[in-house]
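Next come the chains, spelled out residue by residue.
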Amino acid sequence: MSIADRILRVKSSLPGQVELVAVSKTYPAQRIMEAYEAGQRIFGENRPQEMAQKYEELPKDIEWHLIGHLQTNKVKMVVPFVAMIHSLDSVRLAEAIQKAAAAAGRTIDVLLEIHVADEESKSGWEWAELQEYVRSGAFARLPNLRVRGVMGVATNTGDEQVIRRDFAALQRYKSELSPYFGPEFDTLSIGMSHDYRIALEYGATLVRIGSLIFGARDYSK
């Protein structure tokens, strides 16, 4: 099945208000162009260097979403062109994005990544810490950040009830945070290739799908 056919199949499974982020990390520009020519415009990358290189090589109407953990010393690499940063996970990173965005004369759309998975290796705010930071009014002092919603990754497990627990928590956190932000706080980025259909039941507005579109990754290259 071609990439175009896979995109069509995935999109046909999504409600009209849900957007597809095609996760293109590790895949070459040629395969991204196949998706682009099939009408896909939003692509997600994990590594700033890789995303910056692809930005230079590929059409400029692509919306690049940084979905992986972002180190503060890599922020300047993506701020000039990134459409959305899904992985805002700390005070230090918020302040670094604010500084770089102000210098670039841009306002950056960001999502608050919240840790819900059982794996400690996964990134994200602890809920109590994020609540305290938001309630303090700190985001009012970061005018070059436009906080659009919440992102999270469910536990990597075959137990559907655990996945549902994680998505339900993220849906609830978004609802609890909503009063602190404006009407633009409308995004819930949850669900990947193996669990996005479950995520749709919990209000996902963005799903991040890679292998269902591009095929299995070869991490040895």
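Just so it is clear, the model here is predicted, and its values are computed rather than measured. (Residues numbered from 1 in each chain as written. Predicted model: local features only at pLDDT ≥ 70, side-chain atom pairs only at ≥ 80, totals over all residues. Heavy atoms only, no water.)

**Comments concerning the nonpolar core**
Counting 69 residues, the largest nonpolar core has Leu112, Phe139 and Leu177 as the members making the most contacts within it. Listed in part, the seven residues of the second largest apolar core include Val21, Met84, Leu111 and Met151. (Core = buried A, V, L, I, M, F, W, Y, C linked by side-chain atoms within 4.5 Å. Buried < 20%, exposed > 50% of the residue type's maximum accessible area, 1.4 Å probe, protein only.)

**Some details on helix 5 (residues 91–104)**
End to end, helix 5 covers 20 Å across 14 residues, agreeing with the expected 20 Å (1.5 Å per residue, within 8%). Those residues of helix 5 that fall on the buried side of the exposure criterion are Leu93, Ala94, Ala96, Ile97, Gln98, Ala100 and Ala101. Taken together, the buried residues of helix 5 touch helix 4 (75–78), strand 4 (84–88), strand 5 (108–113), helix 6 (127–135) and strand 6 (145–151). The first or second residue beyond helix 5 is glycine 105, which carries a positive phi of 70 degrees. (Helix = DSSP H or I, 4+ residues; strand = E, 2+ residues; numbered from the N terminus. Expected span 1.5 Å × (residues − 1). Contact = heavy atoms within 4.5 Å.)

**Some thoughts on helix 2 (residues 29–37)**
The set of residues buried in helix 2 consists of Ala29, Ile32, Ala35 and Tyr36. Burial along helix 2 is one-sided: seen end-on, the buried residues are contained in an arc of 115 degrees. Exposed residues on helix 2 whose side chains face more than 90 degrees from its buried face are Gln30 and Glu37. Looking at the residues trailing helix 2, positive phi occurs at glycine 39, about 105 degrees. (Arc of directions from axis to C-beta.)

**A few points about the pattern of salt bridges**
Following the criterion strictly, the structure yields 14 salt bridges and no others. A salt bridge links glutamate 201 to arginine 164, with the nearest nitrogen and oxygen atoms 2.9 Å apart. With a gap of 37 residues between them, glutamate 201 in the loop between helix 8 (196–200) and strand 8 (206–209) and arginine 164 in helix 7 (residues 160–177) connect regions that are remote in the sequence. The class of arginine 164 is buried, set by a relative accessible area of 17%. Through salt bridges with shared partners, a single network forms among Asp109, Arg146, Arg148, Glu184 and Asp186. (Salt bridge = Lys/Arg side-chain N within 4 Å of Asp/Glu carboxyl O.)

**Overview of the packing of helix 6 against helix 7**
Close contact between helix 6 and helix 7 brings their axes to 12 Å; oriented N to C, the two are set at 15 degrees. It follows from the interaxial angle that helix 6 and helix 7 lie roughly parallel. As helix 6 runs across helix 7, the sense of the crossing is right-handed. Between helix 6 and helix 7, the contacting residues are Trp127, Leu130, Gln131 and Val134 on the first element and Tyr173, Glu176 and Leu177 on the second. Considering only residue class, the contact of helix 6 with helix 7 consists of five nonpolar, one polar and one charged. (Axes fitted to C-alpha atoms, helices over the stretch in contact; angles between N-to-C directions. Parallel < 35°, antiparallel > 145°, perpendicular 65-115°, else oblique. Left-handed = near helix turned anticlockwise from the far one by under 90°. Nonpolar A, V, L, I, M, F, W, Y, C, P; charged D, E, K, R; others polar.)

**Thoughts on the UniProt feature "modified residue: N6-(pyridoxal phosphate)lysine" (unreviewed entry) in the protein**
Mapped onto the present numbering, the UniProt feature "modified residue: N6-(pyridoxal phosphate)lysine" (unreviewed entry) falls on Lys25. Taking the relative accessible area as the measure of exposure, lysine 25 reaches 19% and is therefore buried. (UniProt positions renumbered as here; feature names shortened; annotations may be inferred.)

**Things to note about the side chain of aspartate 166**
With respect to the helices and strands, the residue aspartate 166 is situated in helix 7. Engagement of the side chain of aspartate 166 in a polar contact is seen with the side chain of arginine 165, the distance being 2.8 Å. Not counting residues within four places of it along the chain, the set of residues in contact with aspartate 166 comprises Val116, Ala117, Ala154 and Thr155. (Polar contact = N/O pair within 3.5 Å; in protein donor to acceptor, adjacent residues only side chain to side chain.)

**Some words on the packing of aromatic side chains**
A full pass over the atoms with the stated rule returns nine aromatic pairs. Among the aromatic residues, those joined into a cluster by ring pairs are Trp125, Tyr133, Phe139, Phe181 and Phe185. Over the ring of tyrosine 36 we find arginine 41; its NZ or CZ atom is 3.6 Å from the centre of that ring. Here the basic side chain of lysine 60 rests over the ring of tyrosine 55, its NZ or CZ set 4.9 Å away from the ring centre. (Phe/Tyr/Trp six-rings, centres within 6.5 Å; stacked < 30°, edge-to-face > 60°. Lys NZ or Arg CZ within 6 Å of the ring centre and 35° of its normal.)

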